[in-house]
Structure formats: C-alpha cells, structure tokens
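# Tertiary structure, described
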Amino acid sequence: MKKIGFLSFGHWTPSSQSATRSAQDVLLQSIDLAVAAEELGADGAYFRVHHFARQLSSPFPLLAAVGARTKKIEIGTGVIDMRYENPLYMAEDAGAADLISNGRLQLGLSRGSPEQVIEGYRYFGFDPQNGESDADMGRRHTEELLEVLRGEGFAKPNPQPMFPNPPGLLRLEPFSAGLRERIWWGSGSNATSIWAAQQGMNLQSSTLKDDETGEPFHVQQAKQIRAYRQAWEAAGHQRTPRVSVSRSIFALTNDTDRAYFGRSGQDRDSVGFLDEKTRAIFGRSYAAEPDQLIKQLAQDEGIAEADTLLLTIPNQLGVDYCAHVIESILTHVAPELGWR
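Scoring rules and cut-offs
- Residues numbered from 1 in each chain as written.
- Predicted model: local features only at pLDDT ≥ 70, side-chain atom pairs only at ≥ 80, totals over all residues.
- Heavy atoms only, no water.
- Helix = DSSP H or I, 4+ residues; strand = E, 2+ residues; numbered from the N terminus.
- Buried < 20%, exposed > 50% of the residue type's maximum accessible area, 1.4 Å probe, protein only.
- Core = buried A, V, L, I, M, F, W, Y, C linked by side-chain atoms within 4.5 Å.
- Pairing = 2+ DSSP bridges.
- Axes fitted to C-alpha atoms, helices over the stretch in contact; angles between N-to-C directions.
- Expected span 1.5 Å × (residues − 1).
- Contact = heavy atoms within 4.5 Å.
- Left-handed = near helix turned anticlockwise from the far one by under 90°.
- Nonpolar A, V, L, I, M, F, W, Y, C, P; charged D, E, K, R; others polar.
- UniProt positions renumbered as here; feature names shortened; annotations may be inferred.

Per an unreviewed UniProt entry, the chain is named LLM class flavin-dependent oxidoreductase, and its organism is Pantoea leporis.

As structure tokens, then:
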C-alpha cells in the first residue's frame, strides 16, 4: 500500500492558453483541486514554493485555506526553500496551519535550488555567516526551526507582561504537538538524505538528484532511500520514517490525454548541470495506456522503495483535467500495482 497525492508547482501565466492566468486563479484552483482530490480518495495535496516567479510562493495562507476546506487529506509542501525563511516566524505560521487542519500538515523543506534571481534570499534579509555557504544557511535555518518545534520554552518572560504568562521560559505560540515529526527534507544527494535522517526528518526525493553513480535515475534514487533508512536506524530514532518520491505519470485513457501527453518525448532520463560543479540526473516521465503504464512503473525501483507517491500535475490545464489525471492513476493503475 502507498499513499498517493498530487504535487502542484502552481504555475500561472497571463495567456489565453492557460487556465491559471493570475496568482488569484492558481491559489483558488489549488484549494478546489485539494477538495476534489480528497473526494477522489487521494491522500495528499502538496505544493511547491518558488520566489520571484509566476508560481506559488507563500505557502501558509494556502495551506490554512486547504486545511479549512478539507477533512482528511494530508496537506504539505514540496519544498520550501529554507534560505528565505525566518525559522521562528515560520514555526508560528506552521503551527497555526497545522491546528486549522487538525494535524494534517506535512511540511517539506529544502536548502533550495537555483532560483529566478541572483541570491534572492538577500532581498528577504538573510546573508550567510562568515565561512558559510547559502546551502549551509538553509540547513542552519532548518535546525533552528526543528529546535523551536519541540515546544520547549526558551525566551525569558517580561516581569511586567501585558498578559499573564505561564511559569518558566516561554515558547512560541501557537504550538501544535506532533508537527515536529511531520517535517520532511527534500534531498538531492545521498549525503543530504543521510543528514535528514540524522536530524529526524522524513525524506522527500523528487525527479532530480545529483548524478553520483551514472546509473539510471530510479536506481540511484532507490540507493539514496536505502542509505537514508540505514542512517535513520543508526541514529536510533524511535518512530518509523516516511519517504516520498514524485513522478510525472499520465494514464492515456481518452483522446485528450493522448493529445496532451501521447508524444511527450520524455521517456528517458536526462543529464545536465545545475551549476558549474553539480552534474544532475533528471528522471523520466511516464505516459502510456494503463496496461503499459503498469508494466513500466513496476520496474521503477525508486517508487518501490517509497511509501508515498506524489503525482506532479499540469495545473495550468485546470482543476477538472488535473482531477481526471489523479483519478486515472487511482482507478486504472494503483490497484494493479498493489498501491491500493
């Protein structure tokens, strides 16, 4: 059995060809799609966060709205770039969204990827410390967030407060018990997946990672997940961790599907460079008739290792079509693979 959700990048563009022509369109449609996905029996509604781009950027108002409109579906991110985040303010926002959703928040974080602007985090008021890279800063922000999410008091109270205080040092409010165990790390390498395990975070692995062995993407991803689980066990954590992978998967069940994705040309991995030093491998997409799709997905070692699968959806095609994409996988593919 696997949990199956969707992952939206939240693209919008002022084009007559797009169903999301404004930021308002993509926000409201994201809420509607989460409601539709829950009605279809999907397990998760996840959203990507990008700054300085025509995409979703401020996750907590959206997550709170989705939480208020739904009852069961997990709501999360995949991922928030921690180079841009104030960990204490973030802890308050996350606590509020988690309480609104009654403990359904699954918060995916990362040190970030190449962005729309040069060193965009500096515009948000954050600079790496001496001897620290921007990636180091993102991980430092994450460690600070994890610490305050424990709910322990750390701030000395004012002896003459405006309102009465409980005894002892004060913690951030609102505090949501259990949220600390629902923090995920988006890892692009074996080393950072091991670091995530040591920190007690769940693991998110997408369709992009450092090309560390030259093997097919799904093989490298499976090895990354196994390294993470070994590190988790070595760290001595008491709970069982969760692991998600994301994929672009389209079951071709009608003429519209075939027109959009029947000749996608992305049925192989590709290799490129994220920067001068980082060679990366990009995993393939899947688009085929359901019977062929089942055979192809059965060979994907990365999916086999994960307990959660996030389907990347083409959000600019609108809520109805994206709901159809999700339903097709839940109905025609997942049962045959033992995911349901």
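Having seen the model, we can carry on.
In this chain, Gly 78 is followed by Val 79 through a cis amide linkage whose omega measures 15°. In this fold, Val 79 is placed in the loop between strand S3 (74–77) and strand S4 (80–81). The omega torsion across Glu 173 and Pro 174 is 0°, close enough to zero to call that bond cis. With respect to the secondary-structure elements, Pro 174 resides in the loop between helix H4 (134–148) and strand S6 (183–186). At Phe 52, a residue that is not glycine, the phi angle is positive and equals roughly 60°. Residue Phe 52 is classed as partly exposed on the basis of its relative accessible area, which comes to 42%. Of note in this structure, Glu 119 is not a glycine but carries a positive phi near 50°. Structurally, Glu 119 is set in the loop between strand S5 (105–110) and H4. Accessibility expressed as a relative area gives 38% for Glu 119, which makes it partly exposed.

Moving on, we get to the nonpolar core. Among soluble globular proteins, nonpolar side chains are generally buried collectively. Core analysis: the largest hydrophobic core is formed by 69 residues, its most contacted members being Phe 6, Leu 107, Leu 109 and Leu 293. Here this core takes seven residues from helix H10 (residues 319–333), the largest share from any one element. Core analysis: the second largest hydrophobic core is formed by five residues, Phe 250, Leu 252, Phe 261 and Tyr 321 among them.

Strands sit in the order S8-S12-S11 across an open sheet of three strands; the sheet is antiparallel. Two strands in the sheet have a free side with no partner beyond their single neighbour: strand S8 (208–210) and strand S11 (270–273). Averaged over all neighbouring strand pairs, the angle between strand axes comes to 30°, with direction disregarded. Sheet topology places S8 next to strand S12 (residues 279–282); three bridges connect them, and they run antiparallel. Paired with Leu 208 across the two strands is Phe 282, which belongs to S12.

The next thing to look at is helix H6 (residues 217–235). The first and last C-alpha atoms of H6 sit 27 Å apart over 19 residues, in line with the 27 Å expected at 1.5 Å per residue. Residues Phe 217, Val 219, Gln 220, Gln 221, Ala 222, Gln 224, Ile 225, Ala 227, Tyr 228, Ala 231 and Trp 232 constitute the buried set of H6. For H6, the elements touching its buried residues are helix H5 (190–199), strand S7 (202–205), S8, strand S9 (243–247), S12 and helix H9 (301–305). Where H6 terminates, the next one or two residues include Gly 236, which has phi positive at roughly 80°.

Now for the packing of helix H1 (residues 23–40) against helix H2 (residues 59–69). For the pair H1 and H2, interaxial distance at closest approach is 9 Å and the crossing angle is 35°. For the pair H1 and H2, the sense of crossing is right-handed. Listed contacts from H2 to Leu 27, Ser 30, Ile 31, Asp 32, Ala 34 and Val 35 of H1 are Leu 62, Ala 65, Val 66 and Arg 69. A breakdown of the residues in the contact of H1 with H2 according to their chemical character gives seven nonpolar, one polar and two charged.

Right, let's get into the UniProt feature "domain: Luciferase-like" (unreviewed entry) in the chain. As annotated by UniProt and renumbered to match this structure, "domain: Luciferase-like" (unreviewed entry) occupies residues 9–257. Helix makes up 36% of residues 9–257 and strand 14%. Its end C-alpha atoms lie 20 Å apart.

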